[in-house]
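Structural characterization, general
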Amino acid sequence: MILASISLAIGAPQIILIVVVVLLLFGGRKIPELMRGLGSGIKEFKDASKDDDDDTKKVDNK
């Protein structure tokens, strides 16, 4: 409940502030590396969850 109300309270000014802080902390050169790492992490998570679903279906069919 609290998380839902917090996510609704984020608007354009807050997002701009977050982007500026991230740029100041990491610099422009590190951002692509961080996003690449985040993307590969999400891909691995999706693959693992897909494998888990396949394993569950195999167990259900036996």
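The structure under discussion appears in the preceding block.
Some words on a negative patch on the surface
On the surface, a cluster of negative charge is contributed by E44, D47, D51 and D52. Relative to the elements of secondary structure, D47 occurs in helix α3 (residues 30–61). On the accessibility criterion, D47 (39% relative accessible area) is partly exposed.

With respect to the pattern of salt bridges
Tallied over the entire structure, the rule returns one salt bridge. Across the salt bridge formed by E33 and K30, the nearest N and O atoms sit 3.9 Å from each other. Remark: K30 and E33 occur in helix α3; sequence separation between them is three residues, near one turn of the helix.

Looking at helix α2 (residues 12–26)
Taking 1.5 Å per residue as the helical rise, α2 with its 15 residues ought to reach 21 Å, and the 21 Å between its terminal C-alpha atoms agrees with that figure. Backbone geometry just after α2 places G27 at a positive phi near 80°.

Conventions we followed
Residues numbered from 1 in each chain as written. Predicted model: local features only at pLDDT ≥ 70, side-chain atom pairs only at ≥ 80, totals over all residues. Heavy atoms only, no water. Patch = residues over 30% accessible without salt bridge, like charges linked within 9 Å, V, L, I, M, F, W, Y side chains within 5 Å. Areas by Shrake-Rupley, 256 points an atom, 1.4 Å probe, with all protein chains shown as cover. Salt bridge = Lys/Arg side-chain N within 4 Å of Asp/Glu carboxyl O. Lys, Arg positive; Asp, Glu negative; His and termini not counted. Charge placed at Lys NZ, Arg CZ, Asp CG, Glu CD. Helix = DSSP H or I, 4+ residues; strand = E, 2+ residues; numbered from the N terminus. Buried < 20%, exposed > 50% of the residue type's maximum accessible area, 1.4 Å probe, protein only. Expected span 1.5 Å × (residues − 1).

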